[in-house]
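Observations on the three-dimensional arrangement
Residue-level listing of the chains:
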Amino acid sequence: MPATKSKTEVRALGARERMFWFMDQKHPVHLTVTVEVKGITKVQSWRDALDAVQKRHPILSTLIKRNEEGQPALYRVDAAPIPLRVVDGSVQQRWELELDREMALPFTPEQAPLIRSVLIHKPQSAVLIMIAHHAIADGMALVFLIRDLFQVLSGGQIEALSFNSSAEELLSTLPEGEEVVQVGAPQAEPALYREDDGLTPRVTARKLDENLTATLKERARREGTTVRGALCTALVLAG
């Protein structure tokens, strides 16, 4: 018999989290980060590392449902490990195809956890794909999560953290005298969701060479931004 999963309400969703929760009901907006690792690893080591990271970050053990006041809220769920789907890398060598599949597969907010993973495993290398509901994580959060995974895989230790607050709660703790300046957006007609066309995502990859990567990294730091920020800006301008 499966273990009974207990659920405990943690807090209501913040405004940003609620936005992604609403958007996901019309079009899946989950996100992913993929990392390639060179070297010998064991599947069980990845499983153990995922369990350790999940213990460190409590939000990785949550679901979203309405509370007694009717507000969407995060609920902590026991015994809900991060799913790990293992793919034989000698058979499937294109991680883009696995990412196509994962991006087309929506999350069910009422089912924990709101994160899953795919491991394309080979004797001398591996590709890990992390997929998360956008209400509980963003791209940088997944990058830090993978950093923690590497630390565990290399024999290091990671400590458990407290449950993260919403953006509104963090802003309310600013020292006295500090203010948050909000710049109003110009008035415009409200945007409409496009109708679901039934098309599934398709993923393609581009790789920057070592010299261009180093130049981009140095220039981004000089401009006070990140490589990810520069790449996202380039994508928007190209589009």
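A few points on the structure. (Residues numbered from 1 in each chain as written. Predicted model: local features only at pLDDT ≥ 70, side-chain atom pairs only at ≥ 80, totals over all residues. Heavy atoms only, no water.)

This next bit is on the pairing of strand 3 (residues 62-66). Looking along a regular strand, one sees side chains alternate from face to face of the sheet. Strand direction decides the pairing type here: strand 3 and strand 4 (residues 72-77), joined by five bridges, are antiparallel. Considered in strand 4, the bridge of T62 is made with R76. In this antiparallel pair of consecutive strands, strand 3 and strand 4, the connection spans five residues, and G70 shows a positive phi of 85 degrees. (Pairing = 2+ DSSP bridges. Helix = DSSP H or I, 4+ residues; strand = E, 2+ residues; numbered from the N terminus.)

Neighbouring strands of a sheet are bound in pairs by backbone hydrogen bonds; such pairs are parallel or else antiparallel. One open sheet accounts for three strands, arranged 1-4-3; its pairing is antiparallel. Whereas interior strands pair on both sides, the edge strands pair on one side only; in this sheet they are strand 1 (7-12) and strand 3. Mean inter-strand twist for the sheet, computed between neighbouring axes without regard to direction, equals 40 degrees. Strand direction decides the pairing type here: strand 1 and strand 4, joined by five bridges, are antiparallel. Bridge pairing in strand 4 links R11 to L74. (Axes fitted to C-alpha atoms, helices over the stretch in contact; angles between N-to-C directions.)

Here we take up the nonpolar core. Ranked by size, the top nonpolar core spans 34 residues in total, and within it L60, I115, M130, L142, L145 and L149 carry the most contacts. Mapped onto this core, the elements with two or more residues apiece are helix 1 (15-26), strand 2 (31-38), helix 2 (43-56), strand 6 (115-122), strand 7 (125-132) and helix 4 (139-153). Sequence-distant contacts of I115, that is, excluding residues within four places in its chain, are made with L60, I82, P83, F107, M130, I131, A132, L142 and L145. Within the second largest apolar cluster, nine residues are counted, among which are V118, V127, I131 and V203. (Core = buried A, V, L, I, M, F, W, Y, C linked by side-chain atoms within 4.5 Å. Buried < 20%, exposed > 50% of the residue type's maximum accessible area, 1.4 Å probe, protein only. Contact = heavy atoms within 4.5 Å.)

Another point: the environment of W21. Position of W21 relative to the elements: it lies in helix 1. On the accessibility criterion, W21 (7% relative accessible area) is buried. Put simply, W21 and P72 are 51 residues apart on the chain and 8.5 Å apart in space, counted from C-alpha to C-alpha. Not counting chain neighbours up to four residues away, the residues in contact with W21 comprise L13, I64, R66, P72, P109, H133 and A135.

With that settled, consider the sheet that holds strand 5 (residues 84-88). As summarised here, the arrangement of the four strands in space is 2-7-6-5, forming an open sheet in which the pairing is mixed. Unpaired on one side and paired on the other, strand 2 and strand 5 mark the two borders of the sheet. For this sheet the average axis-to-axis angle between neighbouring strands, irrespective of direction, equals 15 degrees. Relative to strand 7, strand 2 runs antiparallel, the two being bridged by eight bridges. Looking at the pairing, L31 lines up with A132 of strand 7. Against the sheet, helix 2 touches strand 2, strand 5, strand 6 and strand 7, its axis set at about 160 degrees to strand 6. Strand contacts of helix 3 (residues 95-103): strand 2, strand 5, strand 6 and strand 7, with the helix running at about 15 degrees to strand 7, the strand carrying the most contacts.

Quick look at the packing of aromatic side chains now. The final tally for this structure, using the stated rule, is one aromatic pair. Ring centres of W21 and F22 lie 4.9 Å apart, and the angle between their planes is 55 degrees; on these two criteria the pair is classed as tilted. The residue whose ring lies beneath R116 is F107, and the NZ or CZ to ring-centre distance is 4.2 Å. (Phe/Tyr/Trp six-rings, centres within 6.5 Å; stacked < 30°, edge-to-face > 60°. Lys NZ or Arg CZ within 6 Å of the ring centre and 35° of its normal.)

Under the definition given, this model contains 11 salt bridges. Several salt bridges share partner residues, and in doing so they unite R85, E98, E102 and R116 into one network. (Salt bridge = Lys/Arg side-chain N within 4 Å of Asp/Glu carboxyl O.)

Turning our eyes to something else, we now look at helix 6 (residues 210-222). Helical geometry: 3.6 residues make up each α-helical turn, so side chains three or four residues apart lie on a common side. In this model, helix 6 (13 residues) spans 19 Å end to end at C-alpha, consistent with the 18 Å of a helix rising 1.5 Å per residue. Its side-chain oxygen placed 3.2 Å from the backbone nitrogen of N211, D209 serves as the N-cap of helix 6. Immediately downstream of helix 6, the backbone of G224 shows phi near 75 degrees, a positive value. (Expected span 1.5 Å × (residues − 1). Polar contact = N/O pair within 3.5 Å; in protein donor to acceptor, adjacent residues only side chain to side chain.)

Along the chain, S117 turns up in strand 6. By relative accessible area, which is 3% here, S117 ends up buried. Side-chain polar atoms of S117 contact the backbone oxygen of P83, separated by 2.8 Å. Among residues more than four places away in sequence, those in contact with S117 are L50, I82, P83, L84, R85, L128, I129, M130 and I131.

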